[in-house]
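Coordinate analysis (summary)
Each chain, letter by letter, is given below.
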Amino acid sequence: MRSMTGYGRGECAKDGCKFTVELNSINRKQSDIAINLPKELVELEPRIRDGINSQLARGRINAVIAYHRNTEKAAEQVELDEALALAYLKAIQKLQKRTKLNGSITLDTVLRAPGVLKLAEPTWDAESVWPSVDTALKKALAQLVKMREKEGRFLAEDLTKRLEVLMAGAARIRQAAPETVKRYREQLHGRVKDAGLTVPMDDERLLKEVVFFADRCDITEELTRLDSRSEEHTSELQSPYVI
C-alpha cells in the first residue's frame, strides 16, 4: 500500500547546465498534476505529464522543472551590452556635469548598472534536452514512489492494529449477544415485581415484549457485514492500493 503524500527530486547535467525535477504530492482522490517549467521547455509538458501518470494514479502532484548553469562555463555564457553600458556612462556624465558634483566614474559603476552584464539565454531545442529532463524526472519519481511506499507501510501497520482492536471488540460482542435477551427478560420481570405486580414469567404480554426486544437487538447481520468488511480491508492493506 502506498500513501499519497511524498517528495522526490532528480537531476541530470547536459551542455553546461543541470536540469532538476522536484515533485511533491498530497492527498486527493483523483489525479491532479500541476507543472511549472521554463518557457523554453513548455512543449515538454505533455511528456512530463504522461511520465507522472505512468507512475502515480492519484493525488495532487506539483512538479517543478528548472535548469541551473554550470559555474565553470559561466564566463562563456556572459554577455556584455556595450551600447547600454555607453548609454549609462553618457547619462551619468551628463548628470555629473549638470549637478557639478565631484566624483569618479569607474568601470565598476557602469558594469553594475542593470542589464549591462547578463547571462545569455539558452537556445535549446526542447527535443534535444528531453532525454536529460526525462532522466531527472524518472529519478524524482523513483524517490517519490519510494517515500509513498514507506509511509504506506506505516499507515498499513497502524490500520491493521486498529482493525484487530475492532474485530476483538466484535468477538466480545458476539460472545455476549446470546445473553442479552435473557438479561432483558430478567430485568423486565424484576421491574414488574418491584412495581408490586403479580405477573408470571410466562405471561403472554411479557413474552411478546421479550420477543419484540429479541428481534430488535438481533445483530447477526451487522456482525456478518463487519466480518466481510474486515476481510476486504485486510486484503486492501496487503495490496499496492494507493490511499
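Above this note sits the structure.
Since this is a predicted model, take the numbers as computed values, not measurements.

**Side note on the overall build of the chain**
Regarding its fold elements, the chain presents seven helices and six strands. When the helices and strands of the chain are read in sequence order from the N terminus, they spell out β-β-β-α-β-α-β-α-α-β-α-α-α. Put simply, the chain has 243 residues, and 28% of those count as buried. Within the chain, contacts between residues at least 6 apart in sequence are counted, and of these 78% link residues at least 24 apart. When the accessible surface of the chain is summed, it comes to about 16,600 Å², and 53% of that surface belongs to carbon and sulfur atoms.

**Remarks on the sheet that holds strand S2 (residues 17-26)**
Read from one edge to the other, the open sheet built from four strands follows the order S1-S2-S4-S3, with strand pairing classed as mixed. The sheet is open, and its two edges are formed by strand S1 (6-14) and strand S3 (31-36), each paired on a single side. Neighbour-to-neighbour, the strand axes of this sheet turn through a mean angle of 15 degrees, independent of strand direction. By the bridge criterion, nine bridges tie S1 to S2 in an arrangement that is antiparallel. Opposite Tyr7, over in S2, you have Asn24 as the bridge partner. Each of S2, S3 and strand S4 (59-69) is contacted by helix H1 (residues 45-53), which is oriented at about 140 degrees to S3, the strand it contacts most.

**Concerning a nonpolar patch on the surface**
On the surface, a cluster of nonpolar side chains totalling about 450 Å² of accessible area is made up of Val78, Leu80, Leu107, Leu111 and Leu117. Among the secondary structure elements, those contributing two or more residues to the nonpolar patch are strand S5 (78-80) and helix H4 (107-111). Classification of Leu80 by relative accessible area gives exposed; the value is 51%.

**Remarks on H1**
Listed in full, the buried residues belonging to H1 are Ile48, Gly51 and Ile52. Axial view of H1: buried residues confined to an arc of 100 degrees, hence all on one face.

**Observations concerning the environment of Leu117**
Assignment of secondary structure puts Leu117 in strand S6 (residues 117-119). Each C-alpha atom, one on Leu117 and one on Leu80, is 4.9 Å from the other, the two residues being 37 residues apart in sequence. The residues touching Leu117, leaving out its near neighbours within four places in the chain, are Val78, Glu79, Leu80 and Leu111.

**Section: the environment of Asp81**
Topologically, Asp81 is positioned in the loop between S5 and helix H3 (82-99). Its relative accessible area of 29% is what places Asp81 among the partly exposed residues. Every residue in contact with Asp81, bar those within four places of it in the chain, is listed here: Gly115 and Val116.

The rules behind the values
Each chain carries its own residue numbering, running from 1 in the written order of its sequence. Per-residue local features are limited, in this predicted model, to residues with pLDDT of at least 70; the limit for side-chain atom pairs, both in listing and counting, is 80 or more; totals at the level of whole chains, interfaces and linings are taken over all residues. Here the side-chain values reflect all heavy atoms present in the structure, with hydrogen atoms and water set aside. For helices the rule is a DSSP run of H or I covering at least 4 residues; for strands it is a run of E covering at least 2, with both sets numbered from the N terminus onward. The buried label applies to any residue whose accessible area, calculated with a 1.4 Å probe on protein chains only, is under 20% of its type's maximum; exposed applies above 50%, and partly exposed to all values in between. Any pair of residues with heavy atoms lying within 4.5 Å of one another is described as a contacting pair. For the accessible areas, the method is Shrake-Rupley and the probe is 1.4 Å, while residue cover comes only from the protein chains on display. In this analysis, strands are considered paired if DSSP registers two or more bridges between them. Note on method: axes are straight lines fitted to C-alpha atoms, helices fitted across the in-contact stretch only, with angles between N-to-C directions ranging 0 to 180 degrees. Only residues whose relative accessible area exceeds 30% and that take part in no salt bridge are eligible for patches, with like-charged residues grouped when within 9 Å of each other and nonpolar side chains (Val, Leu, Ile, Met, Phe, Trp, Tyr) grouped when within 5 Å. Salt bridge criterion: a side-chain nitrogen from Lys or Arg within 4 Å of a carboxyl oxygen from Asp or Glu. Throughout, the arc means the angular range of directions from the helix axis out to the C-beta atoms.

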